[in-house]
Every structure is written in structure tokens, then in C-alpha cells.
Protein chains: 2
Amino acid sequence: MVNPVVPSNGVLTPLGLDAVRLSPGFWGHLRELNQEVIIGHCQDWMEKLGWIGNFRGEPARGREFADSEVYKLLEGMAWARDPRFDELAETVVSAQEPDGYLNTRWSGDRYRDFEWGHELYCYGHMIQAGVARWRTSGEHPFTDAVRRVADHVCRRFMDSAEVCGHPVIEMALVELYRVTGTERYLEMARRFVERRGGPALAEVEFGRAYFQDDVPVREAEVFRGHAVRAMYLACGTVDVAVETGDSELLAAVEAQWERTIARRTHLTGGMGSRHSGESFGDDFELPPDRAYSETCAAVGSVMLSHRLLLATGRRRYAEQAQRTLYNVIAASPASDGRSFFYTNPLQVRVPGQASDGVNPRAEGALRAPWFAVSCCPNNLARTFASLPAYLATGTSEGIQIHHPTPSEISHDGLKLRVETGYPWEGGVAVHVVSAPAEPRRISVGEHADLRVWAPGDVFAVDFDVQPRWVQPDPRVDAVRGCVAVERGPLVYCAESPEGGPSLELLQVDADVAPQEDVVDGVVELDVRAATLGEAEESTLRLVPYHRWGNRGPATMRVWMPGK
Amino acid sequence: MVNPVVPSNGVLTPLGLDAVRLSPGFWGHLRELNQEVIIGHCQDWMEKLGWIGNFRGEPARGREFADSEVYKLLEGMAWARDPRFDELAETVVSAQEPDGYLNTRWSGDRYRDFEWGHELYCYGHMIQAGVARWRTSGEHPFTDAVRRVADHVCRRFMDSAEVCGHPVIEMALVELYRVTGTERYLEMARRFVERRGGPALAEVEFGRAYFQDDVPVREAEVFRGHAVRAMYLACGTVDVAVETGDSELLAAVEAQWERTIARRTHLTGGMGSRHSGESFGDDFELPPDRAYSETCAAVGSVMLSHRLLLATGRRRYAEQAQRTLYNVIAASPASDGRSFFYTNPLQVRVPGQASDGVNPRAEGALRAPWFAVSCCPNNLARTFASLPAYLATGTSEGIQIHHPTPSEISHDGLKLRVETGYPWEGGVAVHVVSAPAEPRRISVGEHADLRVWAPGDVFAVDFDVQPRWVQPDPRVDAVRGCVAVERGPLVYCAESPEGGPSLELLQVDADVAPQEDVVDGVVELDVRAATLGEAEESTLRLVPYHRWGNRGPATMRVWMPGK
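Residues numbered from 1 in each chain as written. Chains lettered and ligands numbered in written order. Predicted model: local features only at pLDDT ≥ 70, side-chain atom pairs only at ≥ 80, totals over all residues. Heavy atoms only, no water.

## Focus on the overall build of chain A
Within chain A one finds 13 helices and 22 strands. Against the compact-globule benchmark of 24 Å for 563 residues, chain A has a radius of gyration of 23 Å, which places it among compact chains. For chain A, the C-alpha atoms occupy an extent of roughly 75 × 60 × 45 Å along the three principal directions. The buried share of chain A, reckoned over its 563 residues, is 65%. (Helix = DSSP H or I, 4+ residues; strand = E, 2+ residues; numbered from the N terminus. Rg over C-alpha atoms; globule rule 2.2 N^0.38 Å. Buried < 20%, exposed > 50% of the residue type's maximum accessible area, 1.4 Å probe, protein only.)

This is how it looks when you write it as C-alpha cells:
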């Protein structure tokens, strides 16, 4: 199965990249942009900055976790079956030590800092890249290196009490177990998950919640601390729970997810409310301006929602993944694929400053070509490359299309062609290309039909994509008195490029329905607005949040004060 | 003149600690608490943690700027004429190198990091301690050491292009010039001020605005970056401007101050909106929950307002200092003087966790006895010790009482005894103890009377201390739809200890005037409140913000949603 997540059991079965093929459309375009631009962009920057050179023994460059960036890109190349994989993989493998250890920063000074050293974190991403290679094209010198790393980890850590300050190895080891059948990888992952919160790590400035070491994972009530770490750990926990049949552990993550979505997640699906510690805030601490909403946390959130969807079949998880895909993942890259948002705030008061170099900060006011910590572009590269894996699932009953987009989907004798202008239009036509003689259920979101299908049949559904005003939870102090606009899965925002109208004393009239206007295939919206204290109303143009910031420095707001 | 700030010219003349004596009252109590508890508390902790031992050559402990904490405490001891000064000063002097260099962290590896090394910053605080000693009790081996440090700094930096990443040496050198008359100290300070923004420092993760090196000081429009650094630099800039007669430079700081007060200052007078970088936010970015409002920034803000008051005589500066003194400075120490707020947020959603040890984080949910970075307690120690210096000023016309509190004030033949229950009561009776035969103007805030006074005369004024509802600037998104209550100079808040009512869905009725209730001499207030969506109203007790958190872990909010 060519898919990053292949559980041995669960309510829904993932479909491989060979079973879901994207046609030109919203996601097809982004996947193509990834293969044509983003992957090469990432490789060029990491070559230029010496992060790849680190594997060649060149003078050390970049942060202590720079290896992981190269692995994320390798994973993206593997899912994309990109021929650039081989040479880059060879460079990586050449740096491995005889006992399996592989890290360009700490070689010779191993495992001295589990809080910040990131060695196991780097392995995690390397293993995920290996899994991608295995599943797309089979074994390779790189997959041998991955096995040596995993065996080294098991030897070194199976009976220790240590964990990594940054989770990811947990889900990576489970997936490697799923590929290889080697049970010690699963056991190692299980131990890493269960050790956390003992505590297993030292106190740090941000507190142990920063790396989810404050409370054992099965006792926690909500996601907290560094949002990417929290998402990755939760993914690994679900994977362990599913493979070991630990329904209590799975239920714990489900409960944490529910509370986090209700109380700690931005309208866009973004996670993280604090720049300090790149972390979740308290319940209902959801500032639009200082929303951290890191692109990588969204990547982790989609990975988690997808795992929970596979395990439980609850549509709720797919809906949250969809919100996050359209409003964070799709928002990060510029339309040309050559710059990225690291953070994805819901309000920008001061236009960002354009830069064509490395941004030393995680900023969200303007996209940057690269960052001193450049996890996000590489994380997007692997996400876009494996995107078909998230769009649909199968069961013995039929096919579930979770995110309608132009594509071809095959499963168990049923082959479908999805035609849709979604999310701009609500209509989705699922054409049956071939079908078995037995009844099959085809579902698209909440719509489903179970019958015997014949080639040429069309299952047509229509999603409501009327624009709608939405109100925040009254407990979210930071957006009290504000409203926002959504349309289908898209969140909208007011964007004012330099010289445009001020968004500062804005008031919008939520009693008047937004009017649609299609510009270059994109649905924009007009609402009625005024300046506070002035009677005169005018028209305010809203654009889909994921499109903002493509016209140069601008102010922006998703939540707008209502009248 | 026994005063930390003695400009050679200006509209108002400071009065020394010998000319203003506090009697029992609001500030007299805090100054006494400082001398009886806080100073010793600070010394004990710094002895225990080895920060004082660093000067004895013991193994290095604490952060790279730990020396400065000892200097701040020494300054406090000097203003308090505390006999513990001598021994601690001797310990410090013993660590000085023959050429004047003195730093326990970088000795042997000098001046290699101006962004983070803090060597000149530490000197600045040492010099301020020396000035305090000079002015209270005259020369001392410590003041000799201070002169050697200052001479070393002038030799090393007069013709270099360097500045310190953390300002403070600028104002310290000007004050040392004022004490000694040595003009090169002033020139050195002037150069440090003017070099900034060239830029003079390297880019750091937080950006050059973090240490005010983004723009030359006379071109800046607003305070920005790390709030304590911004305040200290502005103090030094005013000092340089006043001594060199640079009215353009003074006007620049005044304009920066105006904009900062209008757009970047919390209702309490607190400064700093971001935990990340401990910094100012953008204009109108004033989140109550994540308000950083560091105690040290308030100390710096009072120092700055006082300097601007002396230079210009504008009452506005005294009013801002008063707001900050009552609602940040007075809020930081617990009522027993043994724990402190580092940050002073205006809303706390999750009660803090009690600790009797060192708090590794700068938190504001509960006071802590000490912090890994423990600038705030020491900064309070020196502020409380020198507090009389800020309360009143003189001119040839008479005496200006800026902050009415029980005290005795003498200037130029006029001696006053101030009797008042302020801020709990609005009445202030200024009794004339002795007076010259010529007319003198006595002013208390905006009230003034110019005449010939005789012993026994009383100048009685009455400030309005009726509680009042206040509205935020509509551009402050984070508190839209909220109201707060003030009474005289005090900001109030709702506080709910554990087990108390939830402040989450609170709505208060700002059409009903708050009712007063005096509890142990403290005026508390009752307002009408309801839970959102419920009709039933009940009484909500508000306490002065500076008293909150003295009854254990609690939630709290200053800005409350209005009906």
C-alpha cells in the first residue's frame, strides 16, 4: 500500500497513491506545484545553506535538527517518485556510522541532551522517508540504512528510560513495523509513548508541558505545549494504540482531540496560540493576531485527524482535516510555490517586509523563501507529495470520498472518476468507471448511496457553498464582538495591501449576506462595512484566507468587528 | 542631592531622600517592607544560588547577567543606608581586575558578544549602585571601583563602534558625570546612545528592534522591542539630551512616549505585549491574558516618566508614573514581601501553581519567591528604597507633590507635612510646618495655591475617588466589548480563587455604579454581573489589581465583558 499510514486494523482502510490519482483541480494543482517547484526549491536552499553538505562532512551548518529537514524532503521525493531521491539518499547513507548511528551534528558526542538534541527526532523523519521509499519503489540502500538506524535505536533505548524532546520517532517506528513486520519496532514505539510524563525529561524554561512530558499520555485531558510536538506524539500514540489493540489509549487521544478542537483551535483549523514555546495556549486563548498556527502543526493535525478517521470512521475527523487543509496547508505556500508562511495568524496589523533571503524569525505577516528553522517548506513538500493518501478511504462496502477534488479512485473492483469545481462550486459528480456486480456504497462527505453501480452511473451530490457569517465561541475573549465569513470549507478574510483602506476601525454588517464575485476562477466576496462611528457604508472585499498575502505586504483580518 | 536622578537643568528640581520622608501610609508601608523583608530576601536567595559567590571566584552560577542582580540589590541597600552594603560591596570590589574590568562570567574572555554578553549592562547597574552610595554616604572603596570601571569603559569604548545589547550604562554614565563632573562619562554615554540603530549590533532571532538597534534613537517614532531595554535606553537618551542641551533628542523621546502611552500601554501602565522577546507589540496589540507587563519594564517606565517630568514639568508624566506605581510596581510583591510577580497580566484564565522555589519561567499567574532570571525582585528593592525621590519636586516657586502620600517634604525654607488616606480616600491635607516670608506655590497634582504660608496653615485638596467605568480604545481588538473599573489611581479586577465563580462567561452591567465596601482598610467594590445568556444578576466583588493573588491561586480579569 503506497500510503504513509497503513494500520493493520481500523474502521476504514487507507487507499494508496496508486489507487487515488489527482486530476487538475484545487489539490491536483498544489501537488503539481510541489513536484515542479517546491521540492526543488527546498533542495536548492538546503544545498546552498550547507544542510545537505553536513552529510558530506562539510563544516557544520544550520540548527541541531537540520538533518530532519533533509529527511522530510527525501520523504517528499519518495512519495513523488522523484528521481532526485537517489543521489540525496546516497549522500545521507554515506554519513551513517557502522553501528547504525547517524547524525551530522552530534556524531562523537552522542545522546548527551535528550531535551534539545533531536537525535531520535531526526531518526523519526529518516524512518518516515524510508517507509515512503519502501512503499513506492521497494528496498534501496536507504531502506537498509533505515533498518540499521531502527535496530540501533532498539538496542540503545529498549531498556533505557529516555525519550526524545521532540516526538516523531514513535509514529515512524510503528510504520516501520507495519512495513517490515519487525515487532521490536512497535514495542520500542510503545515504550517511548508510555515513558513520557513520568517525567522522562528535565525541566526546561518552557516547562515540561512544552514536550508533553508533564503528564502521562493516557492521563492528559487536552493537547498542550509545543503544538507540533503534541500532534506528532498524538499520531504515534494512535498508531501504538491501534496496533496493540489498546482502546483505552485510543480513547484518551480522542478525548484530548475533542477538547482541543473545541477550545484551542483557530477557525482555520490552525493550532498554537503562543509564539513563546510555539505552543497551545490555555482553553479559549485564541488571539487572531498572535495566533502561532504553525504550518507544521497543521501538517501534524491533518496526520492525526486522518489516523483517528481510519481508526474510528467518524466523519468529524475528516471535516477537521478538511478545514485545516484548505485554510492552513493551502495557505502556506505562495501561489508560485517559492515562499511560505511559517505561522498563519488570523490578523495582521502591520504589513510584513518583503525579503528574498532567509527569515531568521517565524513570522506570519509575509511569506518568506526560507527560514533559519525551515521545517515548514519541507513538511509541505512531503504532505503535498502524499496528499492523495488523505482524500479517500475504502471498506468492503465501498469507497468514502472525504475531500472531493478532481481525481480517479479505485478500490476493490470499484473505479470512480470525481468531477467537481469544489471548493468554488458545491456540485460533485462521481462517475462510475467500473464496478463489481455486488452493491457498493459510495460516500462523499455526509452523502452516501448504496447500490449496484454500472459504468456510466453518476452519483451527484451538492454541497452548500453559500457564504455564511460565523460567530466565535463567547469564551474566546480575543475576538469578542467579531464575526467571520466562511464559504464551504473556506475561511475568508479582509486583506488590505499597502495604500488600501484601514482595517483598524472596521465594522461589518452581518445582517447583509456576502455577495459573490468570481475573479480568475476564485470566488471573492463583498460585504457591507463602515468605519466605526461613521454612518456611511461601503463595500469590503473578502478573499479566501489561503490566497491572502500574494499581492505584497498587506494588513489582514479574519475576525471582523460586527455592528 | 540624595536622589537617583539629578539633572543639571530642567523645569523641576528633584528633591532628595533627605528632603522627602515617608510616614506610615501606602508607600511608606512598602518602603518599610522593602527594608525589613525584600532586601534581605533578595540577598538570601542570591547567596543561596551562588550569584554572590560568583564574585568570590566560586564555580559560576546563574545567568550571564547575574552580576547585575547583585548590583541592583547593592543600589537598594545604598538608598536604604542599609549596613549590609559594606560587606557585599567588598565582595564585589575584590573581583575587579587591575585595569578596571569586572565581570564574573566573562573574565578572561572579554567583550566577545555584545548582543548577549551583558558586560556593559552589568557595569551600568554597578555604576548606579555607586552613585547611590556616593549620594547617601559619600566615597567608599566601592565608588573607587566604580570610577575604575567607568574609566576602563571610556578607554575601551570611546572610539569603538560598539554598544551593549542591553542598555542601562547610558543613564548610569550620565549620572556618574553628574556626581563626579567628569565630562568623558557624559561623552561616552552620548556616543553609546547615538551609535544605536546604525546598526551597531548583529541581527538576532528577535530582530534588531529587540535591542532598539533597528533605527537611530532620534528617528524612532515609538518604543519597540524588549520593553525593559526600550525604557532604559530612553532614560539614558533623556539624560544625554538634558545634559547636552539637545532639545531635538528630548523631543524625539517625548513623541515616542506619547505614541507608546496611547497605543502600546496597558490600562495598568504596564508595558510589553509579547512573551516572545519580552517585547512591545504592534500598535493596539494589548492582550490582557498574554500581557507581558514585566515588573522591570514598569520600573523603567517610572524612571523615564520621572526624567521627562523633571525636564518638562508636564503633569502628564507624573500621572503616568502614578498609574504605573499603583498598578504594576505595587502589584508585584506579595503582601508579605516574600514573593513577586515577574509579569503582570490583566487576565488569568488558569490559576497558577504555588511554588516555594525558583520559578524557571516568567509567569504572572502566581507570585514566586524567586526566578531563574530574577531581575524583578532586585529592581523593586532599589525602587522602593529610592521611592521618596519620585514623589515630589521643587522649584524656586515652591513644592510640587506629584503623588500624595503621608510624608514630610522640605524645600527651600518650606516644610510640609502631608496627611492623607490616599488612594483609599481622596482628601489630602498639606500642613505647613514652616515657611519663608515670601509667597510659595504648593501644588498637589492639578491643585495649586500660591501665597505666603504660615506654620499651621493647611492646603486641603480633594481628589475624586468615585469608582468609574472605563472603556478601552476601540482599536484594541483584544478587549472589544469589555469595560473595566478604576477608582482614583487604582485599577480594579475580578478575582476568583479556586472554588469561586467562573469568570469565563461573565457579563457586567456598566450602567450600575460600583458600590464601595471597606475591608481591612482596603476599598473593594461590588458590581452587578450575570452569566452570559442567563437573566439572573448577582454581585461580583472587585479588588484593587495590586492586591490580587494574595489569597492563593485564582483566576482574574481586569477587562470584563459588558452587557
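## Things to note about the interface of chain A and chain B
Many descriptions give the size of an interface as the accessible area lost when the pieces come together. At the interface, 31 residues of chain A touch 31 residues of chain B. For the pair chain A and chain B, the summed buried area comes to about 2,500 Å², and 51% of that belongs to carbon and sulfur atoms. Run the count over chain A and chain B and you get nine salt bridges. The partner of Arg 557 of chain A in a salt bridge is Asp 477 of chain B, with the nearest N and O atoms 2.8 Å apart. (Contact = heavy atoms within 4.5 Å. Buried area = accessible area lost by both parts, 1.4 Å probe. Salt bridge = Lys/Arg side-chain N within 4 Å of Asp/Glu carboxyl O.)

## Quick notes on the sheet that holds strand β2 (residues 20-22) of chain B
Residue and element names in this part refer to chain B. The strand order across the open sheet formed by five strands is β2-β8-β9-β10-β13, and the pairing between neighbours is antiparallel. Edge positions in the sheet fall to β2 and β13 (458-462), since each of these pairs with one other strand and no more. Neighbour to neighbour, the strand axes of the sheet diverge by 15° on average, direction disregarded. Both strand β8 (residues 407-411) and strand β9 (residues 414-420) contribute to a ladder of five bridges, which runs antiparallel. In the strand pairing of β9, Ile 409 is matched with Leu 416. (Pairing = 2+ DSSP bridges. Axes fitted to C-alpha atoms, helices over the stretch in contact; angles between N-to-C directions.)

## Describing the pairing of strand β15 (residues 482-487) of chain A
Residues and elements named next belong to chain A. The buried fraction of β15 amounts to six of the six residues, a majority that puts the element mostly inside the structure. Alternating residues of β15 divide into Cys 482, Ala 484 and Glu 486 and Val 483, Val 485 and Arg 487, and every residue in both groups is buried. Pairing between strand β14 (residues 467-470) and β15: four bridges, direction antiparallel. Bridging across to β15, Arg 468 finds its partner in Glu 486. Inspection of the sheet shows β15 paired to strand β22 (residues 560-561) by two bridges, in the antiparallel sense. Of the residues in β22, the one forming a bridge with Val 483 is Met 560. As paired strands, β15 and strand β16 (residues 490-497) are joined by two bridges and run antiparallel to one another.

## Description of helix α10 (residues 295-312) of chain B
Residues and elements named next belong to chain B. Between the first and last C-alpha of α10 there are 26 Å, a value that for 18 residues agrees with the 26 Å anticipated at 1.5 Å per step. The element α10 is largely enclosed, with a buried count of 17 among its 18 residues. A positive backbone phi angle near 75° is found at Gly 313, which sits one or two residues after α10. (Expected span 1.5 Å × (residues − 1).)

## A closer look at the side chain of His 118 of chain B
Residue and element names in this part refer to chain B. Within the secondary structure, His 118 sits in the loop between α3 (85-93) and α4 (119-137). Residue His 118 is classed as buried on the basis of its relative accessible area, which comes to 5%. At 2.7 Å, the side chain of His 118 forms a polar contact with the backbone oxygen of Trp 116. Excluding residues within four positions of it along the chain, His 118 makes contact with Glu 64, Phe 65, Asp 113, Cys 164, His 166 and Arg 229. (Polar contact = N/O pair within 3.5 Å; in protein donor to acceptor, adjacent residues only side chain to side chain.)

## Here we look at the layout of surface pockets
Residue and element names in this part refer to chain A. Space inside the second largest pocket adds up to approximately 830 Å³. At the level of secondary structure, the elements contributing two or more residues to the lining of the second largest pocket comprise α9 (247-263), α11 (315-329), β14 and β16. Considering each element in turn, the lining of the second largest pocket owes the most residues, eight residues, to α11. (1 Å grid on protein atoms, 1.4 Å probe; cavity = no way out; pocket = protein on both sides within 12 Å on 5 of 7 lines; lining within 4 Å. Points joined across faces, edges and corners; volume = space filled by probe spheres on them.)

## Observations regarding the nonpolar core
By size, the foremost hydrophobic cluster in this structure holds 171 residues, and its most contacted members are Leu 74, Ile 127, Phe 142, Leu 304 and Leu 540 of chain B. Ranked by residue count, the leading element in this core is helix α8 (residues 227-244) of chain B, at 12 residues. (Core = buried A, V, L, I, M, F, W, Y, C linked by side-chain atoms within 4.5 Å.)

## A closer look at the relation of the copies chain A and chain B
Both copies of the chain are placed relative to one another by a rotation about an axis and a shift along it. Expressed as a screw transformation, the operator carrying chain A onto chain B has a rotation angle of 180° and an axial translation of 0.0 Å, and the superposed copies differ by an RMSD of 0.0 Å. Those values place the two copies in the arrangement expected of a two-fold rotation axis. Comparing interface residues between copies, 100% of those in chain A also lie at the interface in chain B; the contact surface is shared. (Least-squares fit on C-alpha atoms with pLDDT ≥ 70 in both.)

## A short note on the side chain of His 166 of chain A
Examined against the element boundaries, His 166 of chain A turns out to sit in the loop between α5 (141-157) and α6 (169-180). Ignoring any residue separated from it by four or fewer positions in sequence, one finds His 166 of chain A in contact with His 118, Tyr 121, Arg 196, His 226, Val 228, Arg 229 and Tyr 232 of chain A.

## Looking at the sheet that holds strand β1 (residues 13-14) of chain B
Residue and element names in this part refer to chain B. The sheet built from five strands is open, its strands ordered β1-β6-β7-β11-β12 with mixed pairing. Each having just a single partner strand, β1 and β12 (447-451) make up the two edges of the open sheet. The pairing of β1 with strand β6 (residues 392-394) spans two bridges and is classified as antiparallel. Directly across from Thr 13, in β6, lies its bridge partner Gly 394.

## Thoughts on the environment of Ser 276 of chain A
Its place among the elements puts Ser 276 of chain A in the loop between α9 and α10 (295-312). Taking the C-alpha atoms as reference, Ser 276 of chain A lies 10.0 Å from Gly 225 of chain A; in sequence the two are 51 residues apart. What Ser 276 of chain A contacts, discounting residues up to four positions off in sequence, is Phe 206 of chain A together with His 275, Ser 276 and Arg 290 of chain B.

## Details of the packing of α5 of chain A against helix α7 (residues 183-195) of chain A
Residues and elements named next belong to chain A. Here α5 crosses α7 at 50°, and the two axes come no closer than 10 Å. Relative to α7, the element α5 is oriented oblique. Between α5 and α7 lies a crossing of left-handed hand. Contact residues: α5 offers Arg 147, Ala 150, Asp 151, Val 153, Cys 154 and Phe 157, while α7 offers Arg 184, Tyr 185, Met 188, Phe 192 and Arg 195. Along the lines of polarity and charge, the residues of the contact of α5 with α7 split into seven nonpolar, no polar and four charged. (Parallel < 35°, antiparallel > 145°, perpendicular 65-115°, else oblique. Left-handed = near helix turned anticlockwise from the far one by under 90°. Nonpolar A, V, L, I, M, F, W, Y, C, P; charged D, E, K, R; others polar.)

## Some thoughts on the packing of aromatic side chains
Taken as a whole and judged by the stated rule, the model has 50 aromatic pairs over all chains. Measuring from centroid to centroid gives 4.8 Å for Phe 26 of chain A and Tyr 326 of chain A, while their planes differ by 55°, and the two rings are tilted. You can see Phe 26 of chain A sitting in helix α1 (residues 26-48) and its partner Tyr 326 of chain A sitting in helix α11, a full 300 residues away along the chain. This pair shows no difference in class: Phe 26 of chain A is buried, exactly as Tyr 326 of chain A is. Taken together, a centroid distance of 5.4 Å and an interplanar angle of 45° make the contact between Trp 116 of chain B and Tyr 210 of chain B tilted. Placement of Trp 116 of chain B in the loop between α3 and α4 and of Tyr 210 of chain B in the loop between α7 (183-195) and α8 is noted, with a sequence separation of 94 residues between them. Judged by relative accessible area, Trp 116 of chain B falls into the partly exposed class, the value being 30%. A relative accessible area of 8% places Tyr 210 of chain B in the buried class. Of the aromatic side chains, those joined through ring pairs into one cluster are Phe 26, Trp 27, Tyr 326, Tyr 422, Trp 424 and Phe 463 of chain A. For Arg 451 of chain A, the ring lying beneath its charged end belongs to Trp 453 of chain A, and the centroid distance is 3.9 Å. (Phe/Tyr/Trp six-rings, centres within 6.5 Å; stacked < 30°, edge-to-face > 60°. Lys NZ or Arg CZ within 6 Å of the ring centre and 35° of its normal.)

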